[in-house]
Amino acid sequence: MRVVIVRLALLVTALCYYIAFAFSFRTKRARQKKFVRLQNVFYTVGLLINFGMVVYNFVINLVTNGVGYAPFVSMFQVLIFLALCFFPVYLFIEKVCACVGYSRYFLLASAVVMTGPCFMDIADVWTFPPALQSVFFVPHIVCYMLSYSLAAIAFMITVTALLKGENHDRVCVLCLRTLFPFMSLGMFLGAIWADQVWGDFWAWDVKEGWSLCTWLTYMLALHFYRREKLKRYARVLVIAGFVLVVITFLFSNVFKVDSVHSY
Amino acid sequence: MTKLYRICCFGMLFIAVVSLAVTLYVGVTGKNPNSSGFGRTAVIASLVCMGVMTVVCVCFSKVREKSVYRLGFYILHCGVIVLIVGFVITNLTCRKYTLYLESNGSAYRTFNFEDGASFSLDRYMGLGDVKTEYYDDGNPRHYEAKLIFYDRAPAPGEIAEEKVLTVNHPVRVEGYKMYLMNVEENDAGAVLLVKYNPGEYVIIFGIVALLLGIFGMCFSDFGRGKPPKKRKGGEER
């Protein structure tokens, strides 16, 4: 029964995000207000259920393991959290950076990410080996999730801009300038954690290698965006960076390679 | 100036490609590049190249943005240089020993290894109680070992200093950092990693500076390029 309710909640959340995304396309001026209201209603419902799922995962971890682990003990839980990460990022980009009109990218990204857990094994839980029981665990993952969500947005905006021949460099740079600090923080917290647990800041683990490539790519993209003549390369780097993000995030878990990051 | 910036950017792109190649190499062979002399030299050479390009970038870049951004720029790039120096020091001077200790009351001051390496402490070190906890599925949940230190060769019943060693919480002893790597199934002994790394604090200092600089640079001056606010009448300020 519990599994059915969880599965249903996941489907409703993903569906809400997809419907909100559909309403984000406003063609006729007369219907614009109505569409915006509907988009906001569906997005809010999706967000509330998504937040509820994160809280549910936290409670489940507490009940199952007896310890209040953060809701990141399986790819299922991580993806649910990642879908929620798009909301603070959206608020930041729209309210703080005053980049209006990009909500559809966040909605689509949330919907796609939320589709994953709908088809995943709910009961699958990683047992926490002693190495994972560290104060660095939660900030390391939260930083990476925030940066990955921004990487997805930057990728979608860049691809759309290239396809439509529009210029969205400002918002793309803002995404990069927000994702890069979080990605750096996540990576270096991981390095300090690795020194605490294995005695090496850097061990050339497969996932570490991919994350270094990703970090270097975004660093280069930021440098290339500073010069007008190099901007076209920067756009290519943003796309390449997201491909590397996907590899970093999923490679060692999907292919079960010999890595300290695949549990 | 712009040409130099371009050269540095493409130089960094080359290093990114090299790191991608190393990652693919590690993925295919499963070998750590630091395990061979060639790989180690290549890593140090890449770090030095990166450091040189960073120095060039700092010396020749004209930063026109606001003061926080400018400050962040210098802190970040100095952090990168310090970090690279720290990694090079670590690569050249770090010493590691894997040690097996039995919890039978014996303690030692000098530890000799099969490859001829050895290290000594001022005090005698032995292993006390070892504890392990397991999950229901048999996977380990918690390891713990006590390190016991004596000022002279241990006698029965002698009171000595104890330090608890767990995974994620290494212990620092006379400049050496000791890590709990594994324990024996019947709690009769433990495997320790002993590390002497003069570059550790340099790396941490570099990381802190780098992060401060990145946050200073990336989170300052966000309003740049914002559309101007409009007055009631629709006229732009």
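Basis of the calculations
- Residues numbered from 1 in each chain as written.
- Chains lettered and ligands numbered in written order.
- Predicted model: local features only at pLDDT ≥ 70, side-chain atom pairs only at ≥ 80, totals over all residues.
- Helix = DSSP H or I, 4+ residues; strand = E, 2+ residues; numbered from the N terminus.
- Rg over C-alpha atoms; globule rule 2.2 N^0.38 Å.
- Contact = placed C-beta atoms within 7 Å.
- Buried ≥ 20, exposed ≤ 12 C-beta atoms within 10 Å, placed from the backbone.
- Pairing = 2+ DSSP bridges.
- Axes fitted to C-alpha atoms, helices over the stretch in contact; angles between N-to-C directions.
- Nonpolar A, V, L, I, M, F, W, Y, C, P; charged D, E, K, R; others polar.
- Expected span 1.5 Å × (residues − 1).
- Domains from an automatic or database assignment.
- Parallel < 35°, antiparallel > 145°, perpendicular 65-115°, else oblique.
- Bend = angle between axes of the 7 residues up to and from the residue.
- Left-handed = near helix turned anticlockwise from the far one by under 90°.
- pLDDT = per-residue confidence, 0-100.

So, the overall build of chain A
What chain A contains, in helices and strands, is 8 helices and 0 strands. Shown N-terminal to C-terminal, the secondary structure of chain A runs as helices and strands in the order α-α-α-α-α-α-α-α. Relative to the globule expectation of 18 Å for 263 residues, the C-alpha radius of gyration of chain A, 19 Å, shows essentially globular dimensions. Structurally, chain A occupies a C-alpha span of about 60 × 55 × 30 Å along its principal axes. Of all intrachain contacts in chain A linking residues separated by at least 6 positions in sequence, the fraction that spans at least 24 positions is 72%.

Some remarks on the overall build of chain B
The secondary structure content of chain B amounts to 4 helices and 8 strands. Taken from the N to the C terminus, the helices and strands of chain B come in the order α-α-α-β-β-β-β-β-β-β-β-α. Split into buried and exposed, the 237 residues of chain B put 22% on the buried side.

Things to note about the sheet that holds strand E7 (residues 176-183) of chain B
Residues and elements named next belong to chain B. Spatial ordering of the open sheet is given by E1-E8-E7-E6, a layout of 4 strands whose pairing is antiparallel. Each edge of the sheet is formed by a strand with only one pairing partner; in this case those strands are strand E1 (95-102) and strand E6 (171-173). Sheet twist, expressed as the mean angle between neighbouring strand axes with direction ignored, is 30°. Inspection of the sheet shows E6 paired to E7 by 3 bridges, in the antiparallel sense. Considered in E7, the bridge of Val171 is made with Met178.

Topic: the interface of chain B and chain A
Contact residues are listed per partner, giving 44 residues for chain B and 39 residues for chain A. It is helix H1 (residues 2-29) of chain B that provides the largest number of residues to the side of chain B that touches chain A, a total of 14 residues. Grouping the constituent residues of the side of chain B that touches chain A by class yields 26 nonpolar, 11 polar and 7 charged.

Section: helix H2 (residues 37-60) of chain B
All names here are of chain B. With 24 residues, H2 ought to run about 34 Å at 1.5 Å a step, and its terminal C-alpha atoms sit 35 Å apart, in line with that. By the burial criterion, the buried members of H2 are Val43, Met50, Met53 and Thr54. For H2, the elements touching its buried residues are H1 and helix H3 (67-93).

Thoughts on the domain arrangement of chain B
Taken domain by domain, chain B comprises domain 1 (1-62), domain 2 (63-94 + 198-221) and domain 3 (98-196). Placing a centre on the C-alpha atoms of domain 2 of chain B and another on those of domain 3 of chain B gives a separation of 35 Å.

Description of the packing of helix H3 (residues 75-96) of chain A against helix H4 (residues 103-118) of chain A
Residues and elements named next belong to chain A. Here H3 crosses H4 at 170°, and the two axes come no closer than 8 Å. In terms of orientation, H3 and H4 fall into the roughly antiparallel class. Where H3 abuts H4, its residues Phe76, Leu79, Ile80, Leu82, Ala83, Phe86 and Tyr90 lie against Ser103, Phe106, Ala109, Ser110, Val113, Met114, Gly116 and Pro117. Of the residues assigned to the contact of H3 with H4, the class counts are 12 nonpolar, 3 polar and no charged.

Details of the environment of Leu250 of chain A
Following the sequence through the fold, Leu250 of chain A ends up in helix H8 (residues 231-254). Along the primary structure Leu250 of chain A and Met75 of chain A are separated by 175 residues, whereas in three dimensions their C-alpha atoms are 9.2 Å apart.

What to know about the sheet that holds strand E2 (residues 107-112) of chain B
Residues and elements named next belong to chain B. Within the open sheet, the 4 strands sit side by side as E2-E3-E4-E5. Their pairing is antiparallel. Strands at the two margins of the open sheet, each flanked by one partner only, are E2 and strand E5 (161-166). Each strand axis lies, on average, 40° off the axis of its neighbour in the sheet, ignoring direction. Bridge analysis of E2 against strand E3 (residues 118-134) gives 5 bridges, and the strand direction is antiparallel. Within E3, the residue paired with Thr110 across the bridge is Ser120.

A closer look at the environment of Ile157 of chain A
Residue and element names in this part refer to chain A. If you trace the backbone, Ile157 turns up in helix H5 (residues 137-164). Looking at Ile157, the number of C-beta atoms within 10 Å reads 23, which means it is buried. Separated by 29 residues in sequence, Ile157 and Gly186 have C-alpha atoms that sit 24 Å apart.

A short note on H8 of chain A
Residues and elements named next belong to chain A. Under the 1.5 Å per step criterion, the end-to-end length of H8 is 34 Å for 24 residues, consistent within 8% with the ideal 34 Å. Maximum bend of H8: about 30°, positioned at Thr248. When H8 is considered as a whole, its buried residues turn out to be Ala234, Arg235, Leu237, Val238, Gly241, Phe242, Leu244, Val245, Thr248, Phe249 and Ser252. Buried residues belonging to H8 abut H5, helix H6 (169-198) and helix H7 (206-224).

Comments concerning unusual backbone geometry
Residues and elements named next belong to chain A. The phi dihedral of Trp204 falls on the positive side, at around 55°, and the residue is not glycine. The topology assignment puts Trp204 in the loop between H6 and H7. On the basis of neighbour counts, which here come to 20 C-beta atoms within 10 Å, the residue Trp204 falls in the buried class.

A closer look at the pairing of E7 of chain B
Residue and element names in this part refer to chain B. The turn linking E6 back onto E7 is made up of 2 residues, and Glu174 within it adopts a positive phi angle of 45°. Pairing between E7 and strand E8 (residues 189-196): 6 bridges, direction antiparallel. Residue pairing for E8: Tyr179 is matched across the bridge by Leu193. Connecting the antiparallel pair E7 and E8 is a turn made up of 5 residues, with Asp187 showing a positive phi of about 60°.

Some points on the packing of H2 of chain B against H3 of chain B
Residues and elements named next belong to chain B. Contact pair H2 / H3: the axes reach a minimum separation of 10 Å and the direction vectors enclose 160°. Of the possible angle classes, the one that applies to H2 and H3 is roughly antiparallel. In this structure, the crossing between H2 and H3 has a hand that is left-handed. On H3, the residues touching Arg40, Val43, Ile44, Leu47, Met50, Gly51, Thr54, Val55, Cys57 and Val58 of H2 are Tyr74, His77, Val80, Ile81, Ile84, Phe87, Val88 and Asn91. Of the residues contributing to the contact of H2 with H3, the split by class is 13 nonpolar, 4 polar and 1 charged.

Concerning the confidence of the model for chain A
Do not read the fine detail of predicted coordinates wherever pLDDT is low. Residues at a pLDDT of 70 or more form 92% of chain A, whose mean pLDDT is 87. Per-element confidence in chain A ranges from a low mean pLDDT of 87 for helix H2 (residues 32-65) of chain A to a high of 93 for H5 of chain A.

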